[in-house]
Every structure is written in C-alpha cells, then in structure tokens.
Amino acid sequence: MTAEKNDKPLVPALSRGAHILDMVGDEPDALTLAELSRRMGVAKSSVHSLCATLQELGLLRRNSDQTFAIGPHVMRWSRAFSRRSDVAAEFARIWDENTSELQGATITLSVPDGKEVVYVGARNSNRTPWFQFRVGTRLPMAFTATGYAMMSRMTDSEIRLRFRDGLPDPMTPFSPKNLEEIMVHVRLARERGYSREEQGVCEGMICFGAPVLNAQNAVIAGVAVSLPIDDMTEEYETAVVATLRQIAATISQRLGADIDS
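Cut-offs and rules
- Residues numbered from 1 in each chain as written.
- Predicted model: local features only at pLDDT ≥ 70, side-chain atom pairs only at ≥ 80, totals over all residues.
- Heavy atoms only, no water.
- Salt bridge = Lys/Arg side-chain N within 4 Å of Asp/Glu carboxyl O.
- Helix = DSSP H or I, 4+ residues; strand = E, 2+ residues; numbered from the N terminus.
- Buried < 20%, exposed > 50% of the residue type's maximum accessible area, 1.4 Å probe, protein only.
- Expected span 1.5 Å × (residues − 1).
- Arc of directions from axis to C-beta.
- Contact = heavy atoms within 4.5 Å.

Turning our eyes to something else, we now look at the pattern of salt bridges. Tallied over the full model, the rule gives 10 salt bridges. The partner of Arg-38 in a salt bridge is Glu-35, and the shortest N-O contact between them spans 2.6 Å. Here Glu-35 and Arg-38 lie together in helix α2 (residues 33-40), a separation of three residues that amounts to about one turn. Residue classification places Arg-38 among the exposed residues on the basis of a relative accessible area of 57%. In this structure, Glu-35 engages Arg-39 in a salt bridge whose closest nitrogen and oxygen atoms are separated by 2.7 Å. Note that Glu-35 and Arg-39 are positioned in helix α2 at a spacing of four residues, about one turn of the helix. Here Arg-39 falls in the partly exposed class, since its relative accessible area comes to 36%.

One non-glycine residue, Asp-29, adopts positive backbone phi at about 65°. Along the chain, Asp-29 turns up in the loop between α1 (12-26) and α2. Phi is positive for Gln-66, close to 75°, though the residue is something other than glycine. With respect to the element layout, Gln-66 can be found in the loop between β1 (60-62) and β2 (68-70). Given a relative accessible area of 38%, Gln-66 falls into the partly exposed group.

Over its 13 residues, helix α3 (residues 44-56) runs 18 Å from end to end, which matches the ideal 18 Å to within 8%, given 1.5 Å per residue. Within α3, burial applies to Val-47, Leu-50, Cys-51 and Leu-54. Down the axis of α3, the buried set is contained in an arc of 95°. They therefore lie on one face. Exposed residues lying more than 90 degrees from the buried face of α3 are Ser-45 and Glu-56. In this structure, the buried side of α3 is in contact with α1, α2, β1 and β2. Where α3 terminates, the next one or two residues include Gly-58, which has phi positive at roughly 80°.

None of this, on its own, says anything about what the molecule does.
Right under this line is the structure:
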C-alpha cells in the first residue's frame, strides 16, 4: 500500500528548523534573526526560539555581527553521507569485475547502524527468489554475515556493550539465541578473515561476509555473498570466499586502507 502524500508538515517546528538551515546554508554569514523572521513570515520570537535550539544542538552558529552560519554538528551528517556514498560507489564499480565464481550468487554491501546493518548496495540472484535484498533494508547485526564481519574488527567489550539490552527476536530457528553464540561467530570470523552464517537470516540460505575498511583501517561496511545452502560444496565455498575477500580488499584499497597483499 502506498501512503498518501500529506502536504502539511507532521512537525511544523522541525520543518521550520530545516528551512532555517537551508536558508543559512544558501547565504552563510548574511542572514540575521530579523531577516529570517521576515523571509519566513514567522514572529521574531518564534524564530529566536528555533535558532536558539539549533545553536544548542550545534547545527547553527551565531556570528559576532549577529548573522548566522551552519554549525559544526552538520559535518557529522556530511561525513556519514560521504562514507556511505563513497563505499557504495566503489562497490557498484567492481561488483561485476572478476566475479565469475559468483554466478548465481546474491552480492550485497551494508553499513553498520547501531545494532543493525543497512543495505546500501545489492545485486540479487534468481537463485534465492525467496529472499531479496533491497537498498535501505535493515537487518539485525546479530544474525548477518556482514554483521559478524564488521564485529570481527571490534573488541569483545564493544560488542557486549552494543548488545547490553539483549538480542532481537530470532529470524529463523537457526538465529543465535544468546550473545555467546554471536561471539563464536565473531571469533571464527577473526581467525578466518571472513564470516560464515548459515540460515540465521533466511532458511535455506548461506552467507559469507568480509569487512570493508577506510583510510584509517577502521571498518565502515561489509560485503556479503548469499547462496542456496544446497548449492554449497567445499570447493565452491573456497572459490566464493576467495572472490569475496578480493572484492572487499579492492574496495578497501580504493578507500585508502592499508591492505596486506
């Protein structure tokens, strides 16, 4: 079902705040409180409250001449967007390069977001029609191959802190039931250099994951290959994993990571 468009902002104050940021962004160091009030057609007292809140949040900065500029907190969002955009662009450039061993496989790219992974790139295969990944799909980090690959670059204490409030509901009968089961997946991923997940997200599907690193050698994403578990053989797994790790290493190198050859 498609939601009907609502022309009326659900939260007027939030809409007005975004409008202020847009105007200041277009004309930094030029707009005063009075000018913002005039352009918006809103009482000066209301605009003052909005600007004070935006300043408190670090989204807006008031200059000595009483004009406004965008605050430093906005850069956090900019960096987050850039990281996702850059890694997704590199993934798109190479996902069909040297992937002859992955014919019939689903290949995905996801980024961490709290206790979830968010898919920002996907090439779905008709070999797994019962589970299709879409850009924007969110899945629990606790159950996914890319989640284990990302956590393999974290410390045990970081992982335990992340799940201090417990695990999400299982997706299948094979999903991990407790943190110790997750830690087993993570430790194996550290030892192997890649993760392996069997039917924790979808019955009948096996997934392999590898971490993607940035110029600081910090994990920012994960690449995964998903296949029907009935297709898997020891020889095929070796070939799939080798190609997967090469894709992840190539993306990491293009993002400036120092990857051992």
